[in-house]
Amino acid sequence: MNVRASNDRKSAARAPHGWRDALAAVLAGTLAMLVTAALGLWAAGATGLPGGGFPQVVAAVVVMAAGGSVGLAGDAGSLVGAQAGLSVLPLSVTLAGALLIAHGFLRPLRHRAVAGGRELAGWAGRVAALWAVVLVVLSLVARHTFTLPAENLTGNGTGDGAEDAFGDVLGDSARIGFRADLPPTLLLGLLWLAGVLVLALLVSRRAPLPPRLVRFQETVRPAASAMVALLLVSVALGAVAGLVVMVVRGHPAQTLAVILLGLPNLVWLALTVGLGASWEGKVQGPFGLPMPQVLDSVLRTPDLSTVDLRTLAAQDGRVWWLLVVTVLLVLGAAFLMAVRSPARTRPWQHALHLAVALALTVLLIGLTAAVSARYGLSLLGIGDLGGGLGGEVSLRPRLWTVLGIAFLWGLAAGFLGALAASRVHRRHGEVPPDTP
């Protein structure tokens, strides 16, 4: 027994948890996020931004993708103030970084059955320390001010007297800028990293856990890995659909920008809509979200609009296929979870596990895919000058309804998945006692 313990300690000592491996994991994730953001912004036409602000915008997008905070501000003259707010996660960039950082974190832990809590905390601490440095550097880079000529805001200079007077109020130019807020970015970015690392440990079937947590892996890991598979498969299907749209309907640059910046935002929203959930939002002004035309048509109304299967299908009847695809995806996730669970797990337990996992997954989607953006000008801080000078985009779930629907879906799909998996050999579970 002492010899075995000694061997385990030697194996742990040889585990490659050094700074070099932590640096490789962080650099790989950061590079993936920077490249994805740069290509997406390039496809969106952001390379022509005034003042050579493209690198700073790329850094700002990566900061937002890591959960950081980027503030917007502006000045349009002595009497006119610019008001702006932005809250959005470019989830394509987020996903690219999360996958590579998680892979780099898990790689040194493979081929281990158990790891001590202190060992895992030390390894995660190295990754977090280097990630904090990256967040600081990105926050210092992600700040820029664009100067826009006043005629861009007032027209072509041939307007009436009121428009000319308004141009005098604006002055020679308007300044619109952004900057990353370092303290919230550091805090939220480290929380984002913690979520990625914890989720990686929950999902991986080969990653070791502290001895006190091993008893939970039979319950948590099959459900967590099934939910991650559900999300990734839905993104893959969305990417295929986007490429088909790019070939059939043209507009390759715009479609590529959506894929590289916000594909999970749209796909996971569609997944919740396919479950029967509803969102509410609106699009006003000259700008909007990178979204399909059918969604833009539903949202571009004077008041808050409801986004669900019914309202989307009123614009395009093919939206009903979302329901079919969602049924297949959720049933597939339920089957995968049941196959990876111990054979002694009862069908009602499968149903309960999937219900909780699916509700938590939908909660995560609701928190990360929500969008809020507003820009406008006000005179002496009062009102919105309008005239095409402002706009607003918002999209948020009706959260409690979404969670209830997801829980019911999980109960039904989990039970059916358990019945289907009962005829499949459980490679990752125990054999029932009555099996010879």
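Residues numbered from 1 in each chain as written. Predicted model: local features only at pLDDT ≥ 70, side-chain atom pairs only at ≥ 80, totals over all residues. Heavy atoms only, no water.

Asker: I keep staring at the pattern of salt bridges and nothing clicks. Help me out?
Answerer: Side chains that differ in charge, positive against negative, can pair when their charged atoms come close. Within this structure, the stated rule accounts for three salt bridges. In this structure, the salt-bridge partner of Glu280 is Arg396, at a minimum N-O distance of 3.4 Å. In this pair, Glu280 is assigned in strand β5 (residues 279-284) and Arg396 in strand β8 (residues 391-397), connecting sequence segments 116 residues apart. For the salt bridge of Asp316 with Arg318, the shortest nitrogen-to-oxygen distance reads 2.8 Å. The class for Asp316 is partly exposed, based on a relative accessible area of 23%. Overlapping salt bridges, with partners in common, bring together Glu280, Arg396 and Arg398 in one network. (Salt bridge = Lys/Arg side-chain N within 4 Å of Asp/Glu carboxyl O. Helix = DSSP H or I, 4+ residues; strand = E, 2+ residues; numbered from the N terminus. Buried < 20%, exposed > 50% of the residue type's maximum accessible area, 1.4 Å probe, protein only.)

Asker: Just to check I follow, could you spell out the environment of Leu72 for this structure?
Answerer: Looking at the element boundaries, Leu72 is found in strand β1 (residues 70-75). In this structure, the C-alpha to C-alpha distance between Leu72 and Ile176, residues 104 residues apart in sequence, is 7.6 Å.

Asker: Quick question: what am I supposed to make of helix α5 (residues 117-141) here?
Answerer: Structural remark: α-helix, 3.6 residues per turn; residues separated by three or four positions point the same way. End to end, α5 covers 36 Å across 25 residues, agreeing with the expected 36 Å (1.5 Å per residue, within 8%). Those residues of α5 that fall on the buried side of the exposure criterion are Glu119, Leu120, Trp123, Ala124, Val127, Leu130, Trp131, Ala132, Val134, Leu135, Leu138 and Ser139. (Expected span 1.5 Å × (residues − 1).)

Asker: Help me understand the side chain of Asn265 in this model?
Answerer: You can see Asn265 is positioned in helix α10 (residues 252-274). Among the polar contacts listed, one links the side chain of Asn265 to the backbone oxygen of Leu89, at a separation of 2.8 Å. Sequence-distant contacts of Asn265, defined by excluding residues within four places in its chain, comprise Leu89, Pro90, Leu91, Ser92, Thr368 and Ala369. (Polar contact = N/O pair within 3.5 Å; in protein donor to acceptor, adjacent residues only side chain to side chain. Contact = heavy atoms within 4.5 Å.)

Asker: What should I look at first to understand the packing of helix α4 (residues 91-106) against α5 in this one?
Answerer: A pair of packed helices is characterised by two quantities: the angle between their axes and the separation of those axes. Direction vectors running N to C along α4 and α5 enclose 145 degrees, while the axes themselves pass 11 Å from each other. When the axes of α4 and α5 are compared, the crossing they make is right-handed. Here α4 contributes Ile101, Gly104 and Phe105 to the contact with α5, which in turn contributes Trp123, Ala124, Val127 and Trp131. Of the residues assigned to the contact of α4 with α5, the class counts are six nonpolar, one polar and no charged. (Axes fitted to C-alpha atoms, helices over the stretch in contact; angles between N-to-C directions. Left-handed = near helix turned anticlockwise from the far one by under 90°. Nonpolar A, V, L, I, M, F, W, Y, C, P; charged D, E, K, R; others polar.)

Asker: When you look at the pairing of β5 in this model, what are you seeing that I'm missing?
Answerer: For a regular strand, side chains alternate in direction, first toward one face of the sheet and then toward the other. For β5, the tally of buried residues reaches five of six residues, placing the bulk of the element in the interior. Pairing between β5 and strand β6 (residues 305-307): three bridges, direction antiparallel. Bridge pairing links Gly281 to Ser305 in β6. (Pairing = 2+ DSSP bridges.)

Asker: Is there a simple way to think about the nonpolar core in this case?
Answerer: One broad rule of soluble globular proteins: the nonpolar side chains tend to lie buried together. Ranked by size, the top nonpolar core spans 48 residues in total, and within it Met33, Leu41, Val61, Val93, Phe105, Trp131 and Trp192 carry the most contacts. Counting only elements with at least two residues in this core, the list comes to α2 (19-43), α3 (54-65), α4, α5, β4 (173-180) and α8 (182-203). Ranked by the residues each element gives to this core, the list is headed by α3, at 10 residues. Core analysis: the second largest hydrophobic core is formed by 47 residues, Leu89, Ala334, Met337 and Ala413 among them. (Core = buried A, V, L, I, M, F, W, Y, C linked by side-chain atoms within 4.5 Å.)

Asker: Can you walk me through the packing of helix α9 (residues 217-249) against helix α13 (residues 321-339) in this structure?
Answerer: At a closest axis distance of 8 Å, the pairing of α9 and α13 adopts a crossing angle of 145 degrees. By crossing handedness, the relation of α9 to α13 is classed as right-handed. Where α9 abuts α13, its residues Pro222, Ala223, Ala226, Met227, Ala229, Leu230, Val233, Ser234 and Leu237 lie against Val325, Leu329, Val330, Ala333, Leu336 and Met337. Its residues assigned to classes, the contact of α9 with α13 comprises 14 nonpolar, one polar and no charged.

Asker: Help me understand a nonpolar patch on the surface, please; the structure alone is not making it clear to me.
Answerer: Taken together, the side chains of Trp348, Leu352, Val356, Leu360, Phe407, Leu408 and Leu411 present a nonpolar region at the surface, about 660 Å² in accessible area. Contributing elements (two or more residues each) for the nonpolar patch: α14 (347-369) and α15 (399-421). A per-element tally of the nonpolar patch places α14 first, with four residues. Note on placement: Val356 falls in helix α14. (Patch = residues over 30% accessible without salt bridge, like charges linked within 9 Å, V, L, I, M, F, W, Y side chains within 5 Å. Areas by Shrake-Rupley, 256 points an atom, 1.4 Å probe, with all protein chains shown as cover.)

Asker: Even after reading the chapter, I still don't get the confidence of the model for the chain, so can you show me in this structure?
Answerer: A low pLDDT score tells you not to read the predicted coordinates there in detail. Taken as a whole, the chain shows an average pLDDT of 80; of its residues, 77% reach a score of 70 or greater. For the stretch residues 377-388, pLDDT sits under 50, and the model shows 26 contacts to residues farther than four places along the chain or on other chains. Contacts for the low-pLDDT stretch residues 428-436, under 50 throughout, to residues beyond four places or in other chains number 10 contacts. (pLDDT = per-residue confidence, 0-100.)

Asker: When you look at the environment of Leu323 in this model, what are you seeing that I'm missing?
Answerer: Its place among the elements puts Leu323 in helix α13. Looking at Leu323, the relative accessible area reads 33%, which means it is partly exposed. Ignoring sequence-local partners within four residues, the contact set of Leu323 consists of Gly274, Leu309 and Trp409.

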